[in-house]
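Coordinates in review
For reference, the chains in residue letters:
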Amino acid sequence: MYSGLDAVEKTFLSVKKGNVAFSSGLQGWGFTLSKFARIYAIKFGVDEAKMIDRLWGNSYYDSANKRWTSNPISASGEHLPRGFCKFILEPISQICNACMQNDMEKLDKYLAVLGITLTSQDRDLQPKYLLKCVMQKWLPISDTILSMIVHHIPSPNHAQYHRVQNLYTGPMDDDTAKSIRMCDPEGPLVMYISKMVPSSYRDRLLAFGRVFSGTIFAGQKVRILSSKYEFGKMKDVVIKNIPGLGMPMGRSVESVESVPAGNICAVFAMDSHVVATTTLTSEEHSHPLVSIKTSVHPIMEVSVEIKHPADLPRLIEGLRRLCKVDPSVQSRTDDTGMQMLCGVGEHHLRASISELESLVNVPFIASDPFVRFKETVISESSHVCMTKSPNKHNRIYVTAVPFADGLADAIESGIINHSDDPKVRGQLLSEKYDWDLLETKRIWSFGPSNNGPNLCVDVTHGVCYMNEIRDSVCAAFQWTTLEGALTGENMRGIRFNIHDVVLHSDAIHRGGGQIIPTARRAFYAAQIASETRLMEPIYLVEMLCRGNDVKTIINIINTRRGQVIEQIQKPERSIVIVKAHLPVVESMGFCDQVRAETLGHVFPQCVFDHWNIMAGNPWQEGGTQFRIASEIRKRKGMSPELPILSNYE
């Protein structure tokens, strides 16, 4: 939004600037340094900016001499408290102690100074709830957040002038871009839906978003552009009328007739067509806005089973709505008909299950969370694998090759995808990943889901009827990469090369019923012949701890197959930042164990970092891979014996 030094100055977070808040999300209260600086500036008769400097940093207050000093030791040899501790933390601590000890006499004395009055109902609350009530009256989080928004977030008129080039996917000189730049309420409508929120209105979801251009009206006909929409095509676009609009006002949403550019509003009863990252436009020539990219990966899942079969439709609808409310959640139905809920971690799944309970209002049972693995290969196939069709008239010859380092990550991050210009994609694959330039033009498919990190490549020469069987082979490839041969998990980082095909001259003998199962067995055979391995997800764990807790943390990580990758000393604060890689499968209960063994002083932050090939061989009995592969196959109802090459060739 800004550039150069101006960007650093305007976006830098600083407690003194007032763009950092101290808060308790659980109890709903918070404050900025500016709030207390204004109070004490009046009391001491000094400038507010000067008071901010005294309340933060190496500034100490000498109560005996009634003066501020930069020396932490007074003339009499006493240790002086910092300004922040003396004038902010100490009053908060006194009120907290009075509430928790239910000392109403002392609490009334403090509240009289603050000008806060408690009702008779408030005074009868239990200590924990009394503390919450008092703190919300004294330091309401809503006032703090609103103050930060007003003083530190630029207005839409100013912000959109700078942000339009990062928001709009169309040309910067068309009417829509000009209207977004000026935040023009008279221009073409452009609204971006960023979040779906549950509501009590007929169990429907509200679509919240910002109007960037034009004015949206109730009853207005709009074009709903999904995140996959390509300009000029009628695919992934729906034309509907706006049923109603609402303006968020605290806990409620007030109905309104129209909302001009620069405002946030809610669209009623359109959750069947609208999801987060959707763009609403009124003109056919308008391009969509840039979709929000999330860096989360659903790597853990639970099975959800309904108690009463008649409630199954409610559960499926609840899962659908949950995926709209939280885009980082995924749901699917496995081969046994079980509903699966996928999330980014153990605590995220707990929160998602709690949200699902409020959405469906029917009893269900959720299993313990388990981790999703992926299948890959670590070498080229030992030979060209051949499979015959059921009618014995067609043959397919395939090998599997592992990806070069970084290619799978590039595909998953969208740097390389199926919709790229073949010339641009081919140049990138040739220069960075050592692909043959001719082979880059013969990529048939990405998989699974047509955008996954696996490739099917035609490397044949002079073979007839290849275009006729392409759709059937790609269908088999999508199926194969979705469910690998080893455990039925997704494949990752595998390139399948089709070397030769022998086909019957009569088209009736080489249809989909003959080619799809044949190609699928060929892909599986190539996978088994290429030293198949399991890949496990790895967390990047970051912990801020005291020096005497480091040894405890390292011991916990080592016992869970983790690896400490960095320790950063902060001598001025006597703390250490520990960074480590931890397998997700070993993270169950990790946070609780760390907090327990460090007496609550350390709270780990776990973020998905990468996929890692597990050590060992899945066919070696007694090994970790063999145990995990057997557990997955048992959970999915597959044969307990691991597959062998003769099962497919």
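Residues numbered from 1 in each chain as written. Predicted model: local features only at pLDDT ≥ 70, side-chain atom pairs only at ≥ 80, totals over all residues. Heavy atoms only, no water.

Right, let's talk about the packing of helix 11 (residues 312-325) against helix 12 (residues 346-360) for a bit. The relative placement of two packed helices comes down to the angle between their axes together with the axis-to-axis distance. Relative to each other, helix 11 and helix 12 sit at 125°, their axes nearing to 9 Å. Of the possible angle classes, the one that applies to helix 11 and helix 12 is oblique. You can see that helix 11 and helix 12 cross each other, and the crossing is right-handed. The residues of helix 12 that touch helix 11, namely those facing Arg314, Leu315, Gly318, Leu319, Arg321 and Leu322, are Ser352, Glu355, Leu356, Leu359 and Val360. Residue classes in the contact of helix 11 with helix 12 are distributed as six nonpolar, two polar and three charged. (Axes fitted to C-alpha atoms, helices over the stretch in contact; angles between N-to-C directions. Helix = DSSP H or I, 4+ residues; strand = E, 2+ residues; numbered from the N terminus. Parallel < 35°, antiparallel > 145°, perpendicular 65-115°, else oblique. Left-handed = near helix turned anticlockwise from the far one by under 90°. Contact = heavy atoms within 4.5 Å. Nonpolar A, V, L, I, M, F, W, Y, C, P; charged D, E, K, R; others polar.)

Our focus in this paragraph is the packing of helix 4 (residues 83-100) against helix 7 (residues 127-138). The interhelical angle for the contact between helix 4 and helix 7, taken along N-to-C directions, is 145°, at an axis separation of 8 Å. Pair helix 4 / helix 7 crosses with right-handed handedness. Counting all contacts with helix 4, which are made through Pro91, Ile92, Ile95, Cys96, Cys99 and Met100, the residues of helix 7 involved are Pro127, Lys128, Leu130, Leu131, Val134, Met135 and Trp138.

Turning next to the pairing of strand 5 (residues 190-198). Taken together, the eight bridges between strand 5 and strand 6 (residues 205-213) define a ladder with antiparallel strand orientation. Considered in strand 6, the bridge of Met191 is made with Val211. Inspection of the sheet shows strand 5 paired to strand 14 (residues 278-281) by four bridges, in the antiparallel sense. Residue Ile193 lies in a different strand from strand 14, and its bridge partner there is Thr278. (Pairing = 2+ DSSP bridges.)

This part covers the pairing of strand 26 (residues 532-546). Here strand 26 lies mainly inside the structure; eleven of its 15 residues are buried. Sheet topology places strand 20 (residues 374-377) next to strand 26; four bridges connect them, and they run antiparallel. Opposite Val377, over in strand 26, you have Thr532 as the bridge partner. Two strands pair when backbone bridges link them, and strand 26 and strand 29 (residues 605-613) are joined in this way by eight bridges, in the antiparallel orientation. Among the inter-strand pairings, Glu542 is bridged to a residue of strand 29, identified as Gln605. (Buried < 20%, exposed > 50% of the residue type's maximum accessible area, 1.4 Å probe, protein only.)

Of all hydrophobic cores here, the largest spans 46 residues; its most connected members are Leu341, Leu356, Met543 and Phe590. The greatest single-element share of this core, amounting to six residues, is contributed by strand 26. If we ignore the near neighbours within four places in the chain, the residues touching Leu341 are Met300, Glu301, Val302, Val304, Leu319, Leu322, Val329, Gln330, Leu349, Ser352 and Ile353. Formed by 33 residues, the second largest nonpolar core is a distinct cluster that contains Ala37, Tyr40, Cys133 and Met135. (Core = buried A, V, L, I, M, F, W, Y, C linked by side-chain atoms within 4.5 Å.)

Our next topic: the layout of surface pockets. Its volume calculated, the second largest pocket comes out at about 1,000 Å³. In terms of lining residues, the second largest pocket is bounded by 28 residues, among which Leu146, Ile149, Arg210, Pro248 and Ile264 are the most central. When contributions to the lining of the second largest pocket are tallied by element, the ones reaching two or more residues are helix 8 (141-152), helix 9 (156-167), strand 5, strand 6 and strand 10 (245-249). If you tally residues by element for the lining of the second largest pocket, the top one is helix 9, at five residues. Residues of the lining of the second largest pocket, tallied by class, amount to 17 nonpolar, eight polar and three charged. (1 Å grid on protein atoms, 1.4 Å probe; cavity = no way out; pocket = protein on both sides within 12 Å on 5 of 7 lines; lining within 4 Å. Points joined across faces, edges and corners; volume = space filled by probe spheres on them.)

A few words now on the environment of Gln605. Its place among the elements puts Gln605 in strand 29. We classify Gln605 as exposed; its relative accessible area is 51%. Beyond its immediate sequence surroundings of up to four residues, Gln605 is in contact with Leu540, Val541 and Glu542.

On to the sheet that holds strand 23 (residues 443-447). Strand order in the open sheet made by the five strands is 21-22-25-24-23, with mixed pairing throughout. Looking along the sheet, the strands with just one partner apiece sit at the ends: strand 21 (385-388) and strand 23. Each neighbouring strand pair of the sheet contributes to a mean axis angle of 25°, computed without reference to strand direction. Sheet topology places strand 22 (residues 395-402) next to strand 25 (residues 494-502); eight bridges connect them, and they run antiparallel. Note that in strand 25 the partner of Pro402 across the bridge is Ile494. Here helix 17 (residues 512-528) sits on the sheet and contacts strand 21, strand 22, strand 24 (454-458) and strand 25; the angle it forms with strand 22, its principal contact strand, is near 35°.

On to the environment of Ser413. Topologically, Ser413 is positioned in the loop between helix 13 (407-412) and helix 14 (422-433). Spatially, the C-alpha atom of Ser413 lies 9.8 Å from that of Pro453, the residues being 40 residues apart in sequence. In this structure the side chain of Ser413 is engaged in a polar contact, spanning 2.9 Å, whose partner is the backbone oxygen of Asp409. Engagement of the side chain of Ser413 in a polar contact is seen with the backbone oxygen of Ala410, the distance being 3.1 Å. (Polar contact = N/O pair within 3.5 Å; in protein donor to acceptor, adjacent residues only side chain to side chain.)

What is shown is where atoms sit, not what they do.
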